[in-house]
Amino acid sequence: MLFMSRTIKHHDLSHIVLVFFLFPILCNAISKRDALQQQSSRCGLHATIVRQVEREGFHRDLGSLVELVAQNPLEWQNCTIALQETIPSGLYINQDQLMDLERLGTLTACPETFVDVEAAQWQSESFRVLVYSSLKTAHNLLYAHIRMPIHLRYHAPTDTGGYAGVYIPPPKLLIRCSNEITCGNKENYFTASCDGCTGTHCSWLQIPFGTNTPKEGLRVMVPVGNKSLLPIVNAFTFLVTGGGCLYILSILVSTWQ
């Protein structure tokens, strides 16, 4: 009984210490969330983002439908939104493809760093992309449909193969207007390019939003190689390659004769 009492006391003490360290972090997170919600209420905006990964295979599209319900839509007609996306190491974007889409007027997306499209997943790191879009108006609803092409990186093979999950976290939603926005808190303003990758910088306001995705983000399943099949694959490759070389050599010999 004495041993159990000491164990319980030690267990309770560890919980008290854990709560002591986590309480300030929890309070800070709650205060930031409440600040964003209060800011959204003062601005007269209610934002939602519906996200999904479209298409199949290694080349897909990240679709985001952004909807803003405004108390006074006329105040937000001349505004631009931007999604600050975090691309995990298991995915990449093709900068040449984005340049073509920008030239065609389809999409404007600016990565913060150079992206190596040839690197595998274990050789890569996550990076951020700023995706711009204008807003369309329907009564008191402002909306934008953004579709950005993404590509899956090759993952290291495992003993059993199968699939690996890659998670795309929720973005940050930013907005700026031709007229100055005065309803937000100072700590929720960010400086970024106004409307392109090489333009001047402007002040953007971050606004909160509801979304259909979980906290960890959208999950993309990537096929992974099976290391146990390596001997079979090597043998088959050797036979096919050797047979092809012998066939070509026989043709050359017969033609030379």
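Residues numbered from 1 in each chain as written. Predicted model: local features only at pLDDT ≥ 70, side-chain atom pairs only at ≥ 80, totals over all residues. Heavy atoms only, no water.

### Section: the layout of surface pockets
Empty space within the largest pocket amounts to approximately 570 Å³. Elements with a minimum of two residues in the lining of the largest pocket: β3 (79-87), β10 (172-177) and β13 (210-211). Classifying every residue of the lining of the largest pocket by side-chain character gives 8 nonpolar, 6 polar and 3 charged. (1 Å grid on protein atoms, 1.4 Å probe; cavity = no way out; pocket = protein on both sides within 12 Å on 5 of 7 lines; lining within 4 Å. Points joined across faces, edges and corners; volume = space filled by probe spheres on them. Helix = DSSP H or I, 4+ residues; strand = E, 2+ residues; numbered from the N terminus. Nonpolar A, V, L, I, M, F, W, Y, C, P; charged D, E, K, R; others polar.)

### Focus: the packing of aromatic side chains
One pass over the full model with this rule turns up 2 aromatic pairs. Seen from their ring centres, Phe-58 and Tyr-154 are 5.2 Å apart, and the 35 degrees between their planes marks the pair as tilted. Of this pair, Phe-58 sits in the loop between β1 (45-54) and β2 (59-70) while Tyr-154 sits in the loop between β8 (141-152) and β9 (162-168), placing them 96 residues apart in sequence. Overall, the relative accessible area of 24% leaves Phe-58 in the partly exposed class. What makes Tyr-154 exposed here is its relative accessible area of 61%. Considering the side-chain rings of Tyr-132 and Trp-204, the 5.7 Å spacing of their centres and the 50 degrees angle between planes classify their relative orientation as tilted. (Phe/Tyr/Trp six-rings, centres within 6.5 Å; stacked < 30°, edge-to-face > 60°. Buried < 20%, exposed > 50% of the residue type's maximum accessible area, 1.4 Å probe, protein only.)

### Focus: the environment of Thr-113
On the secondary structure map, Thr-113 appears in the loop between β5 (108-111) and β6 (127-134). Classification of Thr-113 as partly exposed rests on a relative accessible area of 41%. When the C-alpha atoms of Thr-113 and Arg-128 are compared, they prove to be 7.9 Å apart, with 15 residues separating the residues in sequence.

### Considering the state of the cysteines
The full count for this structure, using the stated rule, is 3 disulfides. Between the sulfur atoms of Cys-79 and its disulfide partner Cys-177 the distance amounts to 1.8 Å. Here Cys-79 and Cys-177 share a disulfide; its torsion about the S-S bond, 100 degrees, makes the bridge right-handed. Of this pair, Cys-79 sits in strand β3 while Cys-177 sits in strand β10; the two residues are 98 residues apart in sequence, bridging distant segments of the chain. Of the two residues, Cys-79 and Cys-177, both sit in the buried class. There is a disulfide in this structure between Cys-194 and Cys-202, and the S-S distance comes to 1.8 Å. Taking the sign of the S-S torsion, 90 degrees for the link of Cys-194 and Cys-202, the bridge is right-handed. (Disulfide = S-S within 2.5 Å.)

### Quick word on the nonpolar core
Formed by 43 residues in total, the largest nonpolar core has its most connected members in Leu-68, Trp-76, Ile-81, Met-148, Leu-173 and Ile-175. Sequence-distant contacts of Leu-68, defined by excluding residues within four places in its chain, comprise Leu-45, His-46, Ala-47, Ile-81, Leu-135, Asn-140, Leu-141, Leu-142, Leu-173, Ile-175 and Ile-207. Within the second largest apolar cluster, 7 residues are counted, among which are Ala-82, Leu-130, Tyr-132 and Trp-204. (Core = buried A, V, L, I, M, F, W, Y, C linked by side-chain atoms within 4.5 Å. Contact = heavy atoms within 4.5 Å.)

### A short note on unusual backbone geometry
Phi at Arg-55 takes a positive value of approximately 70 degrees, unusual for a residue other than glycine. Secondary-structure assignment places Arg-55 in the loop between β1 and β2.

### Things to note about the side chain of Glu-85
Tracing the chain through its elements places Glu-85 in strand β3. In this view, Glu-85 contacts Arg-51, Leu-62, Ser-64, Phe-127, Arg-128, Val-129, Val-131, Met-148, Ile-168, Pro-169 and Pro-171; residues no more than four positions away in its chain are not counted.

### Thoughts on a nonpolar patch on the surface
A cluster of nonpolar residues, Tyr-247, Ile-248, Ile-251 and Leu-252, forms a patch on the protein surface that exposes about 430 Å² of accessible area. Considering the arrangement of structural elements, one finds Ile-251 in helix α3 (residues 230-256). (Patch = residues over 30% accessible without salt bridge, like charges linked within 9 Å, V, L, I, M, F, W, Y side chains within 5 Å. Areas by Shrake-Rupley, 256 points an atom, 1.4 Å probe, with all protein chains shown as cover. Salt bridge = Lys/Arg side-chain N within 4 Å of Asp/Glu carboxyl O.)

### Quick word on helix α2 (residues 95-103)
The residue sitting at the N-terminus of α2 and contributing the capping side-chain oxygen is Asn-94; that oxygen lies 3.0 Å from the backbone nitrogen of Asp-96. Looking one or two residues past α2, Gly-105 carries a phi angle of roughly 75 degrees, positive in sign. (Polar contact = N/O pair within 3.5 Å; in protein donor to acceptor, adjacent residues only side chain to side chain.)

### A look at the UniProt feature "transmembrane region" (unreviewed entry) in the chain
Within this structure's numbering, the places UniProt gives as "transmembrane region" (unreviewed entry) are residues 229-253. Helix makes up 96% of residues 229-253 and strand makes up 0%, while its end C-alpha atoms are separated by 36 Å. (UniProt positions renumbered as here; feature names shortened; annotations may be inferred.)

### What about the sheet that holds strand β12 (residues 201-206)?
Taken in spatial order, the 6 strands make up an open sheet running β5-β6-β3-β10-β12-β11, and their pairing is antiparallel. Each end of this open sheet is capped by a strand with a single partner; those strands are β5 and β11 (189-193). Between one strand and the next, the sheet's axes are offset by a mean angle of 35 degrees, whatever the strand orientation. Here β11 runs beside β12; their pairing, made up of 5 bridges, is antiparallel. Paired with Thr-191 across the strands is Ser-203, a residue of β12. (Pairing = 2+ DSSP bridges. Axes fitted to C-alpha atoms, helices over the stretch in contact; angles between N-to-C directions.)

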